[in-house]
Every structure is written in C-alpha cells, then in structure tokens.
Amino acid sequence: MHTLFFTEKFYPETVDDKILDMFEPDDVRYLDQYRGRDNSDEVYDWKMDFYARMFHPRARMAEAKKNIGRESERYNSIREELQKVEDERHLA
C-alpha cells in the first residue's frame, strides 16, 4: 500500500482507484509515521507534509533527529568503535 499510495501522490492517476481501494487498510496513519529506535515500539508522526519530507531531506532529518537523537548517538558510537577496529587492522 505504501508504494502504491506514494506513487499516486507523485504521479496522479497512475494507480487505478479500484486497485488503491483493494489494498487500502482501515487505518492509513502509518503513511505519515516513522519508527524510532530499532527493535522498539516507538512511533512518531511526521510534522512535515509528504512533499517536504521527499524534497527537503535536511529538514526531514532535522525533524527526525529531535525524536531519535539517542538512537543516533548510539549509532555514531557503534560506527566509531567499528572504525577504530578497522583502523587497528590496517595498522597491524
């Protein structure tokens, strides 16, 4: 549904309404949501509209980073540790 819905947003009248209706779930809020941390039930609603999310990636990242900052810090810490291991391998 996600792919069909956004294809129709980008290219109106591309996906037949009958097809969209066949796959449309009762609740489509997930189309304007994103997950927080990996393996968690955290879900956030986008404050930006669809077009802003697609065409203004820096603004999209800034909004998401407010909510998932801790996850971003954890990811960067892991990335730095992996880089250290990789650097040590090259020095050995």
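Refer to the preceding data block for the structure.
In this text, all values refer to a predicted model and were calculated from it rather than measured experimentally.

**As for the overall build of the protein chain**
Alright, step 1. Of regular secondary structure, the protein chain possesses 4 helices and 2 strands.
Alright, step 2. Put simply, the protein chain runs from its N terminus to its C terminus through helices and strands in the order α-α-β-β-α-α.
Alright, step 3. Taken over C-alpha atoms, the radius of gyration comes to 19 Å for the protein chain, far larger than the 12 Å a tight globule of 92 residues would show.
Alright, step 4. Its C-alpha atoms give the protein chain principal-axis dimensions of about 60 × 25 × 25 Å.
Alright, step 5. Look at the contacts in the protein chain between residues 6 or more apart in sequence, and 31% of them connect residues 24 or more apart.
Alright, step 6. As displayed, the protein chain offers around 7800 Å² of accessible surface, 52% of which is attributable to carbon and sulfur atoms.
Alright, step 7. Charge separation in the protein chain, taken as the distance between the mean sites of 16 positive and 22 negative side-chain charges, equals 6 Å.

**Details of the pattern of salt bridges**
Alright, step 1. Applying the stated criterion across every chain, the model contains 4 salt bridges.
Alright, step 2. For Glu81, the salt bridge identified is with Lys84, shortest N-O distance 3.4 Å. With Glu81 and Lys84 both in helix α4 (residues 57–91), this residue pair falls 3 residues apart, about one helical turn.
Alright, step 3. In this structure, Glu86 engages Arg89 in a salt bridge whose closest nitrogen and oxygen atoms are separated by 3.9 Å. With Glu86 and Arg89 both in helix α4 and 3 residues apart, the pair spans about one turn of that helix.

**Re unusual backbone geometry**
Alright, step 1. Its identity as a non-glycine residue notwithstanding, Glu13 has a phi of 70°, on the positive side.
Alright, step 2. With respect to the helices, strands and loops of the structure, Glu13 is situated in the loop between α1 (2–10) and α2 (17–23).
Alright, step 3. By relative accessible area, which is 75% here, Glu13 ends up exposed.

**Overview of the environment of Leu20**
Alright, step 1. Within the element layout of this structure, Leu20 appears in helix α2.
Alright, step 2. Remark: the alpha-carbon pair of Leu20 and Leu4, spanning 16 residues in sequence, is separated by 7.0 Å.

**A word on the environment of Lys66**
Alright, step 1. By secondary structure assignment, the location of Lys66 is in helix α4.
Alright, step 2. Accessibility expressed as a relative area gives 70% for Lys66, which makes it exposed.
Alright, step 3. With 63 residues separating them in the primary sequence, Lys66 and Thr3 have C-alpha atoms 26 Å apart.

**Comments concerning a negative patch on the surface**
Alright, step 1. On the surface, Glu13, Asp16, Asp17, Asp21, Glu24 and Asp26 cluster together to form a negatively charged patch.
Alright, step 2. Within the element layout of this structure, Glu24 appears in the loop between α2 and β1 (33–35).
Alright, step 3. Given a relative accessible area of 45%, Glu24 falls into the partly exposed group.

So, how was this worked out
- Residues numbered from 1 in each chain as written.
- Predicted model: local features only at pLDDT ≥ 70, side-chain atom pairs only at ≥ 80, totals over all residues.
- Heavy atoms only, no water.
- Helix = DSSP H or I, 4+ residues; strand = E, 2+ residues; numbered from the N terminus.
- Rg over C-alpha atoms; globule rule 2.2 N^0.38 Å.
- Contact = heavy atoms within 4.5 Å.
- Areas by Shrake-Rupley, 256 points an atom, 1.4 Å probe, with all protein chains shown as cover.
- Lys, Arg positive; Asp, Glu negative; His and termini not counted.
- Charge placed at Lys NZ, Arg CZ, Asp CG, Glu CD.
- Salt bridge = Lys/Arg side-chain N within 4 Å of Asp/Glu carboxyl O.
- Buried < 20%, exposed > 50% of the residue type's maximum accessible area, 1.4 Å probe, protein only.
- Patch = residues over 30% accessible without salt bridge, like charges linked within 9 Å, V, L, I, M, F, W, Y side chains within 5 Å.

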